[in-house]
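# Descriptive structure summary
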Amino acid sequence: MTLPPAVIDTNVVVSGLLTSLPASPTVRILDAMLGARFRFALSIDLLAEYREVLLRPRIRARHGFTATKVDLILTDVASNGFVVDVERMSGERAGGDEHLWRLMRREKAAVLVTGDKRLFGREVGERVVTAREFEERLEDAPGRVR
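Because the structure is predicted, anything quoted here is derived from the model rather than measured.

Criteria and cut-off values
- Counting restarts for each chain, with residues numbered from 1 along the sequence as it is written.
- In keeping with the model being predicted, local features are shown solely for residues with a pLDDT of at least 70 and side-chain atom pairs are shown and tallied solely at 80 or more, while totals for entire chains, interfaces and linings include all residues.
- Side-chain measures here rest on the full set of heavy atoms in the structure, leaving out hydrogens and waters.
- Under the scheme used here, helices are H or I runs from DSSP no shorter than 4 residues and strands are E runs no shorter than 2 residues, and both carry numbers assigned from the N terminus.
- Only protein chains enter the area calculation, which uses a 1.4 Å probe; residues under 20% of their type maximum are buried, those over 50% are exposed, and those in between are partly exposed.
- What sets the accessible areas is the Shrake-Rupley method with a 1.4 Å probe; for residues, cover comes only from the shown protein chains.
- Arc definition: it is the arc formed by the directions from the helix axis to the C-beta atoms.
- The contact criterion used is simple: two residues touch if any of their non-hydrogen atoms lie within 4.5 Å.
- Two rings belonging to Phe, Tyr or Trp (six-membered ring only in the last case) form a pair when the distance between their centres is within 6.5 Å. Interplanar angles under 30 degrees mark stacking, angles over 60 mark edge-to-face geometry, and anything in between is tilted.
- Buried residues of nine kinds, namely Ala, Val, Leu, Ile, Met, Phe, Trp, Tyr and Cys, make up a nonpolar core once their side-chain atoms join them within 4.5 Å.
- Salt bridges, as used here, are contacts in which a Lys or Arg side-chain nitrogen is within 4 Å of a carboxyl oxygen on Asp or Glu.

## Quick look at the overall build of the chain
The number of helices and strands found in the chain is 7 helices and 5 strands. Going from the N terminus to the C terminus, the chain shows its helices and strands as β-α-α-β-α-α-α-β-α-β-β-α. Considering the chain as a whole, with its 146 residues, one finds that 49% of them fall into the buried category. When the accessible area of the chain is evaluated, it comes to approximately 7,800 Å², of which 50% is carbon and sulfur surface.

## A short note on helix α7 (residues 131–140)
Every buried residue of α7 is accounted for by Ala131, Phe134, Glu135, Leu138 and Glu139. Along the axis of α7, the buried residues cluster in a sector spanning 145 degrees; they form a single face. The inward-facing, buried residues of α7 contact β1 (6–8), α1 (10–18), α2 (25–34), β4 (111–113) and β5 (128–129).

## Thoughts on the packing of aromatic side chains
Overall, the coordinates contain 2 aromatic pairs when judged by the stated rule. Seen in terms of ring centroids, Phe38 and Phe40 are 5.5 Å apart; in terms of plane orientation they differ by 50 degrees. Their pairing is tilted. Of the two residues, Phe38 and Phe40, neither departs from the other in class, the shared state being buried. Ring centres 5.0 Å apart and planes at 65 degrees place the aromatic pair Phe38 and Phe134 in the edge-to-face group. Separated by 96 residues along the polypeptide, Phe38 in the loop between α2 and β2 (40–42) and Phe134 in helix α7 bring together distant segments of the chain. One aromatic cluster in this structure is built from Phe38, Phe40 and Phe134.

## Section: the nonpolar core
For soluble globular proteins, the rule of thumb is that nonpolar side chains tend to be buried together. Residues Ile8, Ile29, Met33, Phe38, Tyr50, Val113 and Phe134 are the most contacted members of the largest nonpolar core, which totals 46 residues. The residues contacting Phe38, other than those within four sequence positions of it, are Leu3, Ala6, Ile8, Ile29, Ala32, Met33, Phe134 and Leu138.

## Comments concerning the pattern of salt bridges
By the definition in use, this model includes 7 salt bridges. Notably, a salt bridge pairs Asp71 with Arg51, separated by 2.5 Å at the nearest N-O pair. Here the residue Asp71 occupies a position in helix α5 (residues 67–80), and Arg51 occupies one in helix α3 (residues 44–54), the gap between them amounting to 20 residues. On the basis of relative accessibility, which here comes to 28%, the residue Asp71 falls in the partly exposed class. What makes Arg51 partly exposed here is its relative accessible area of 34%. Note that Glu98 is salt-bridged to Arg105, the shortest N-O span being 2.6 Å.

Read these as spatial facts, not as claims about activity.
This is the structure we're talking about:
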């Protein structure tokens, strides 16, 4: 089974860093991102959101990383993904989920991996999956994560 490329929502990356359960789907997905075990799309906006959320005081207190460590992790993530050039629409506010939809529209074969239930059934419908669903696909793919 060949995995489609993925867009990994911020909540999956943050959860992967915060959870203490090494077998958690979000940990396994983040490890697979850092190990370049599947193709994933990024944009400048998405990377900026990863950083902004990981450096929020409440979240930073939980993971305990310095800004430098967060930047090193995100550099590793970025070096293993592929960057899609998507421009912000005129008047569009930073943040929100529009950058995810722009990425998904550009990468027609991609799935969006998220824990945000509000995103299911919207815009790209069946191309939105949970971290658990994606991690199961990852297990079945050649070069799987186990």
